[in-house]
Every structure is written in C-alpha cells, then in structure tokens.
Amino acid sequence: MRKIITYILLFISSIGFAQSSMVNSQVETSSIRIGEQFQYKISVKETENVILPKLILGKGLEIIDSAKVDTINNMLIQKYVLTGFDSGAFYIPQQQVFVRNQAYLTDSLLISVATVEIDTTKIKKYPIKSIKSEPYVFDDFKIYIFLLLAALAIIGFWIYYFVIRKRKVTEDKPTYKVLPPFEEAIYKLNELDSKLLWQNNQVKEYYSELTEIVRNYIERELQVPALEKTTDEIIGMLRDFQNANTIQTSKETIKKLKELLQEADLVKFAKSKPISIEIEEDRKDAEDIISNLKPKPTPKKDELE
C-alpha cells in the first residue's frame, strides 16, 4: 500500500515538474511604488503549436504595453510592461498556455505596490499671500459691448424708419415696354443669330431656342398654351382654327411649322444632325411662319351693322 502511494506522489510531482519546466513566468521585481512600471515575462520551451494567453490581471494591476513574441534559443518569450496605481499586494494570476494541444499553467506572482513617502520636514514653507485681483480682459466687457451695439442698432433703425425714410423721395419705378408678339419674335430671332450656336456645334441648343421662339409667338399671338403642347397637338389645334376660320394662315405655313417642329424633335431626342443648308432653311421657315400666322381680326360694330 505504501508503495502505491509513493508511486502516485512521484507521478504527481513529475507532472508538476513537467509543467514548470515547459512554461515559466517571472517579473523583474516584485515590489514597486505607485505608478512605477515593471516587466512580466512568459517563456515557453517550445516554438511550434504554442498558443499564448490573453493576459488576465487581477485588481490593482494594469497593462501598459506588450512586445511581439520573440524566439530565443528554441524558446518563445512574451514580454509585458505592467504597473499599479493603488497601494497594496496584488497577484498576477496563473496564465494558461497551450503547447501541442496540452494546457500548462504559469505560476501566480505576488506584486507589492507601495505609496511614495513624502518627507514633510524638507518641504519649504511660504507665508500665505493675500488675494490678488486678476487683470481685466476683453471678456469682462464683452456683454456691455454687445448691449451697446444692440442699442445703437435699434436707435439707427428708428432714425432711418421715422426720419430718413419719410424724407426720402420716392423714385419712379423703371418702366419696361412690352413688345408686340411679332416684334418680340423677330427681335429674338435676330438675337439667336448673333449667338452663332449651330456654327459652334451647338445644334441642339439652337433648335431648342428656335422652336421656343415660334411656340412663344403662337402662345402670345393666338393666346393658347403652345409651350406646353406637343408637335401633333399644336398642328391639330391650328388646323381646327383654320377650319373654324379664326386665323389668317395657309396650309403651306402649317406644313412648314410641322416640319420645323418635327426636325427640332429629331435633333433634341434622336440626336439628328442637319447640315448647314437645312439649318438655314429652317431659320427662314421660322420667320415665314411668324409672319404668316396671325389671328383673324375681329369685325368692328360698324362692319357688323
């Protein structure tokens, strides 16, 4: 029976010895003062299939820094920089390290953190000084400056509103002469020519402005929403007016208008590129349409009688 117990004790001691020989932990000092730093090191006598732990500390100790794992003489070494900010005795608990899927535990280490003693006998004493007034700065007067500026603004507003404004002579508002639809359309056509849009490869912009001038003329002259209507709607509306004998125009003029609007739609939406001769012809047609599309005059009372 004694032999069996002896073998068991030897077996347990051999396991403890194996663990301690495989994994080791140590500190450079076990006693520090508050705020001092010290080094904690874990060393493993193996370099392959080793899993080092995420360092777990007890209350009172903190990690300041950690170095990269180093390999020295076929050993893995992990170093940490620790410190303590509370006085007392604190343990660095056992850390679990895995080597070839087998767990090993490091020793727990006791660290003593002492307060820094102050020798009050060596501190030079000075007499208590009287309270000194602080010099004035801008912030001391800032609120008064803002109040003064606000008061001046209010006074200035009242002076302007009740004195200057009443004495101010009312200026005549500028008057603008509204051109008749035909004169406005011709003016805008000449203005469009001066822009040289299609000559500078801006054909789409040219046709957009050209048809807008024609549409705006129809809208003002015939008092219909031509700018909001499609090409087919405008042509259909003009044919209805012609059949009702309410406008002065010809089928040729309506045909030119339809072709001009269709050509503009192709340029704007189908990326068509007419040649210069066709563009100049469309410009001439636009002026002909404006010149030959007018509402029929309303008969006077004398003529009706």
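Refer to the structure above for everything that follows.
Note that the structure is a prediction, hence the values are computed from the model and not measured.

Caption draft 1: Region of the structure containing the sheet that holds strand 8 (residues 88-92). Spatial strand order, 2-11-8: three strands in an open sheet with mixed pairing. Each of the sheet's edge strands pairs with one partner strand only, and the pair in question is strand 2 (31-33) and strand 8. Averaged over all adjacent pairs, the angle separating strand axes in this sheet is 30°, with direction ignored. Inspection of the sheet shows strand 8 paired to strand 11 (residues 109-114) by five bridges, in the antiparallel sense. Across the sheet, the residue bridging to Phe90 is Ile111, located in strand 11.

Caption draft 2: Here's a closer look at the packing of helix 5 (residues 231-243) against helix 6 (residues 251-269). It is the contact of helix 5 with helix 6, at a shortest axis distance of 10 Å, that shows an interaxial angle of 175°. Overall, the two elements helix 5 and helix 6 adopt an arrangement that is roughly antiparallel. Residue-level contacts link Thr231, Ile234, Ile235, Leu238, Arg239 and Gln242 of helix 5 to Lys251, Ile254, Leu257, Lys258, Leu261, Gln262 and Asp265 of helix 6. Partitioned by chemical class, the residues of the contact of helix 5 with helix 6 number six nonpolar, three polar and four charged.

Caption draft 3: Expanded view of the packing of helix 3 (residues 181-195) against helix 4 (residues 203-222). Packing of helix 3 against helix 4 leaves a shortest axis separation of 9 Å and a crossing angle of 175°. Taken together, the axes of helix 3 and helix 4 lie roughly antiparallel to each other. Along its contact with helix 3, which presents Pro181, Phe182, Glu184, Ala185, Lys188, Leu189, Leu192, Asp193 and Lys195, the element helix 4 presents Tyr206, Glu209, Leu210, Ile213, Asn216, Tyr217, Arg220 and Glu221.

Caption draft 4: A look at empty space enclosed by the protein. As enumerated under the stated definition, the model contains one cavity of 30 Å³ or more in all. As a volume, the largest cavity reaches approximately 30 Å³. Forming the boundary of the largest cavity are Pro181, Glu184, Ala185, Lys188, Ile213, Asn216 and Tyr217. Looking at the lining of the largest cavity, the elements with two or more residues in it are helix 3 and helix 4. Here the lining of the largest cavity takes four residues from helix 3, the largest share from any one element. Its residues placed into classes, the lining of the largest cavity shows four nonpolar, one polar and two charged.

Caption draft 5: Representation of helix 3. Between its terminal C-alpha atoms helix 3 stretches 21 Å, which fits the 21 Å expected from 15 residues at 1.5 Å a residue. Looking at helix 3, one finds that the buried residues are Pro181, Glu184, Ala185, Ile186, Leu189 and Leu192. At its buried positions, helix 3 is contacted by helix 4 and helix 7 (276-292). Where helix 3 ends, the next residue or the one after it, Leu196, has phi of about 55°, a positive value.

Caption draft 6: How the structure looks around the layout of surface pockets. Roughly 190 Å³ of volume is contained in the largest pocket. Contributing to the lining of the largest pocket are 14 residues, with Asn201, Gln202, Val203, Lys204 and Lys273 lying nearest its centre. Of all elements in the fold, only helix 4 and helix 7 reach the threshold of two or more residues within the lining of the largest pocket. Top element by residues in the lining of the largest pocket is helix 4. It accounts for three residues. Across the lining of the largest pocket, the residue classes break down as six nonpolar, four polar and four charged. Taken as a whole, the second largest pocket holds about 150 Å³ of empty space.

The rules we used
Residues numbered from 1 in each chain as written. Predicted model: local features only at pLDDT ≥ 70, side-chain atom pairs only at ≥ 80, totals over all residues. Heavy atoms only, no water. Pairing = 2+ DSSP bridges. Helix = DSSP H or I, 4+ residues; strand = E, 2+ residues; numbered from the N terminus. Axes fitted to C-alpha atoms, helices over the stretch in contact; angles between N-to-C directions. Parallel < 35°, antiparallel > 145°, perpendicular 65-115°, else oblique. Contact = heavy atoms within 4.5 Å. Nonpolar A, V, L, I, M, F, W, Y, C, P; charged D, E, K, R; others polar. 1 Å grid on protein atoms, 1.4 Å probe; cavity = no way out; pocket = protein on both sides within 12 Å on 5 of 7 lines; lining within 4 Å. Points joined across faces, edges and corners; volume = space filled by probe spheres on them. Expected span 1.5 Å × (residues − 1). Buried < 20%, exposed > 50% of the residue type's maximum accessible area, 1.4 Å probe, protein only.

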